[in-house]
Amino acid sequence: MIRRRAALALAFVAGLFAAAPAAAKDELTIGFTQYPATLHPIIDSMAAKSYVLGMTRRPFTAYDKDWVLRCMLCVELPTVENGLAKPVDRPDGTKGVAITLAIHPGATWGDGVPVSTQDVAFTIEVGRDDKSGVAAQEFYKRVERVEIHDARRFTLHMEKLTYQYNDFGDFQLLPAHLERPIFAAGAETYKQRTLFDADPTRPGLHFGPYRIDQVVAGSHLVLTPNPTWFGDKPHFRKITIRAIENTAALEANLLSGSIDYIAGELGLTLDQALAFEKRHGARFDIAYKPGLVYEHIDLNLDNPLLKDRRVRQALLLALDREALNRQLFEGKQPVAASFVNPLDRVAATDTPRYGFEPVRAQALLDEAGFRPGPDGIRVNAAGQRLALELGTTAGNRTRESVQQVLQNQWRRVGVEVRIKNDPARVFFGEITRKRGFQAMAMYAWISSPESGPRNQLHSKSIPTEANNFAGQNYPGFANAEMDELIDRLEVELDFDRRKAIWARIQAIYATELPVLPLYFRAESFIVPKWLGGIEPTGHLHYTSLRVEHWKPR
């Protein structure tokens, strides 16, 4: 686990005007760019959902702004050293682990029912069921059994002792007293019937500092304080989270006062924030946080045009990503060699890198059998045009600008690219999740420190209709060596040996290119001068997980 502070690049602009009296501000309106496709805690992965649920619940553990793992719902972080995590010798010669956790004694669902070990047992039952559609199912599959000690204390008997044995970020409890009857009626249809989407304002679904009070699908959510919350009392009597998918409209709403704050994790991109700061920096505090946010393009490897590795390599060699970084982001978003950010201690220094080499790209396409046709677009011996579709989230001005640049650069080497974008809730809720993109899908992964890649790169994580589209290996990447390395990585406790495995994983990734790496993003936080307590983290565990500390200053 990382125990060092990530490099920060925070730049706050000094205010020119006094803020309004802080005590008068007891409502907060937040703008972000995506509306959640679902509000179920463990079905599907989407940043907008994670941001909202950060205010209404707590994971057992989460990394803080210093990248240190902390308890949130648990009482004490289990470690081998304190005896709450006990390695177990298994009959097959492997190592398992028994991890004992205690639920915070004050944790209570919004309807007054205590959060209990019954919820633990039920959540694991849902997570283990292949028909439930749970996104990060691997964690639940590793639980061999749950030993219940009392209403709050339990032991998870895990089949593997992994280097992330006490990271429970994916373990999000479900209320058994509300959801069990729905799940019992059919696991295969549970995703369509869960109360988290059918009745998301039900108080018993939430146990965080806030609960969802109103939902207008596709537009906004209203959150109000949860009277059963066990932590510090939140300041705001109402938080409204508005989805404004067009980033230009998001900026206009901030300037007009329709929203108070743009969520850094889902707001203006770096180039937009830099331009905004030059025009309006006197009115806001603007912070830039580099972190584990990986902008990339998934390639659908079932597309016959993309099956040849030479084509995938040519697509990357044809891109001038350094120029893109300079022109759009003032050089502040470094080009990515793989999915591992240099800020992460497991980043390899010898990963294969691709510069801007259009001549080499054309040679590789020639080798792959694609020759320029009469109009300059390459065709193969069967007459198939090298025509690919590139999709992303509609209304994101920066991504749409990047698309135009990439489209033009690929055209110069004979690759035709058509742009097809969709609203974020469709793009993430249907298209990527069900691998419905024709060729290329551009978006970002957000990870925690030294986060293993099983869910994105292991062949068992390819979403299919048979597994109810669980897993996030959207390219459909299946590589036997990668699978074996991921299996080894997870159970290697020695950091030096583990880092060597990480290096090989990054080398395969950069050679096979199931994904085209673009750059690592810096998140921009545009905060009104009266609002304090927001602490950017630079990783998967968002600022909203500490919303109770937000208040006027």
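Procedures and definitions
Residues numbered from 1 in each chain as written. Predicted model: local features only at pLDDT ≥ 70, side-chain atom pairs only at ≥ 80, totals over all residues. Heavy atoms only, no water. Helix = DSSP H or I, 4+ residues; strand = E, 2+ residues; numbered from the N terminus. Buried < 20%, exposed > 50% of the residue type's maximum accessible area, 1.4 Å probe, protein only. Contact = heavy atoms within 4.5 Å. Areas by Shrake-Rupley, 256 points an atom, 1.4 Å probe, with all protein chains shown as cover. Lys, Arg positive; Asp, Glu negative; His and termini not counted. Charge placed at Lys NZ, Arg CZ, Asp CG, Glu CD. pLDDT = per-residue confidence, 0-100. Axes fitted to C-alpha atoms, helices over the stretch in contact; angles between N-to-C directions. Parallel < 35°, antiparallel > 145°, perpendicular 65-115°, else oblique. Left-handed = near helix turned anticlockwise from the far one by under 90°. Nonpolar A, V, L, I, M, F, W, Y, C, P; charged D, E, K, R; others polar. Salt bridge = Lys/Arg side-chain N within 4 Å of Asp/Glu carboxyl O. Core = buried A, V, L, I, M, F, W, Y, C linked by side-chain atoms within 4.5 Å. Pairing = 2+ DSSP bridges. Disulfide = S-S within 2.5 Å.

Enquirer: Give me the overall build of the protein chain: which residues, what numbers.
Expert: Tallying secondary structure elements over the protein chain gives 16 helices and 20 strands in all. In terms of overall dimensions, the protein chain has a C-alpha envelope of 70 × 70 × 45 Å along the principal axes. A total of 553 residues make up the protein chain; the buried ones form 60% of that total. For the protein chain, long-range pairs separated by at least 24 residues make up 71% of all intrachain contacts whose partners lie at least 6 apart in sequence. Just so you have it, the protein chain exposes about 21,000 Å², and 51% of that area is on carbon and sulfur atoms. Across the protein chain, the centroid of the 68 positively charged side chains sits 2 Å from that of the 66 negatively charged ones.

Enquirer: Explain the confidence of the model for the protein chain to me, and be specific about the residues and the numbers.
Expert: Low pLDDT means the predicted atomic positions in that stretch should not be read closely. Residue-level pLDDT values for the protein chain average 92, and 96% of them are 70 or greater. Predicted confidence for residues 1-23 stays below pLDDT 50, and this span has 50 contacts to residues more than four positions away or in other chains.

Enquirer: Lay out unusual backbone geometry in plain terms, naming residues and giving numbers.
Expert: Phi is positive for arginine 435, which is not a glycine, with a value near 55 degrees. Looking at the secondary structure, you find arginine 435 in the loop between α13 (424-432) and β17 (440-446). The exposure class of arginine 435 is buried, given its relative accessible area of 15%. One non-glycine residue, leucine 513, adopts positive backbone phi at about 50 degrees. Here leucine 513 is to be found in the loop between α16 (495-512) and β18 (515-528).

Enquirer: Explain the packing of helix α15 (residues 480-491) against α16 to me, and be specific about the residues and the numbers.
Expert: Viewed as axis vectors pointing N to C, α15 and α16 meet at an angle of 155 degrees, and their least axial separation amounts to 10 Å. The angle between α15 and α16 falls in the class roughly antiparallel. Pair α15 / α16 crosses with left-handed handedness. Along its contact with α15, which presents Glu481, Met482, Leu485, Ile486, Arg488 and Leu489, the element α16 presents Arg498, Ile501, Trp502, Arg504, Ile505, Ile508 and Tyr509. Grouping the amino acids of the contact of α15 with α16 by side-chain chemistry returns 9 nonpolar, no polar and 4 charged.

Enquirer: Describe the packing of helix α2 (residues 117-128) against helix α4 (residues 176-184), naming the residues involved and giving the relevant values.
Expert: The contact between α2 and α4 brings their axes to 10 Å, and the two run at 30 degrees. Put simply, α2 runs roughly parallel to α4. As α2 runs across α4, the sense of the crossing is left-handed. Side by side, α2 and α4 meet where Gln118, Asp119, Phe122, Glu125 and Val126 of the first sit next to Ala176, His177, Glu179, Arg180 and Phe183 of the second.

Enquirer: Describe the pattern of salt bridges, and please don't skip the residues or the numbers.
Expert: Following the criterion strictly, the structure yields 46 salt bridges and no others. Among the salt bridges present, the one from aspartate 66 reaches lysine 65, with a minimum N-O distance of 3.5 Å. Of the residues examined, aspartate 66 reaches a relative accessible area of 19% and is grouped as buried. The partner of glutamate 490 in a salt bridge is lysine 160, and the shortest N-O contact between them spans 3.8 Å. Placement of the pair is glutamate 490 in helix α15 and lysine 160 in the loop between β7 (153-158) and α4, with a sequence separation of 330 residues.

Enquirer: An account of the environment of leucine 485 is requested, with residue identities and associated values reported.
Expert: Mapped onto the elements of the fold, leucine 485 is located in helix α15. When its relative accessible area of 4% is taken as the criterion, leucine 485 is described as buried. Separated by 421 residues in sequence, leucine 485 and aspartate 64 have C-alpha atoms that sit 29 Å apart.

Enquirer: Before we move on, could you go through the nonpolar core and cite the residues and values that matter?
Expert: Tyr51, Ile239, Ile297, Trp410 and Trp550 are the most contacted members of the largest nonpolar core, which has 114 residues in total. Contact partners of tyrosine 51, with chain neighbours within four places excluded, come to Ile30, Phe32, Tyr261, Ala263, Glu265, Leu266, Tyr542, Thr543, Ser544 and Trp550. With 42 residues, the next largest nonpolar core counts Phe60, Val97, Met158 and Ala176 among its residues.

Enquirer: Report on the sheet that holds strand β4 (residues 85-89), specifying residues and quantitative values.
Expert: Spatially, 4 strands are ordered β4-β5-β7-β6 in an open sheet, and the strand pairing comes out antiparallel. Pairing within the sheet leaves two strands with one partner each, and these edge strands are β4 and β6 (143-148). The average angle at which neighbouring strand axes cross in this sheet is 20 degrees, direction not considered. In terms of strand pairing, β6 meets β7 through 5 bridges, oriented antiparallel. Bridge pairing links arginine 145 to histidine 157 in β7. Seen against the sheet, α2 touches β6 and β7 and runs at an angle of roughly 165 degrees to β6.

Enquirer: Provide a residue-level description of the state of the cysteines, including the pertinent values.
Expert: In this structure the tally under the stated criterion is 1 disulfide. A disulfide bridge connects cysteine 71 with cysteine 74, and the sulfur atoms are separated by 2.0 Å. Across the disulfide from cysteine 71 to cysteine 74, rotation about the S-S bond amounts to roughly -105 degrees, and the bridge is consequently left-handed. For cysteine 71, a relative accessible area of 25% gives the class partly exposed. Residue cysteine 74 is classed as buried on the basis of its relative accessible area, which comes to 4%.

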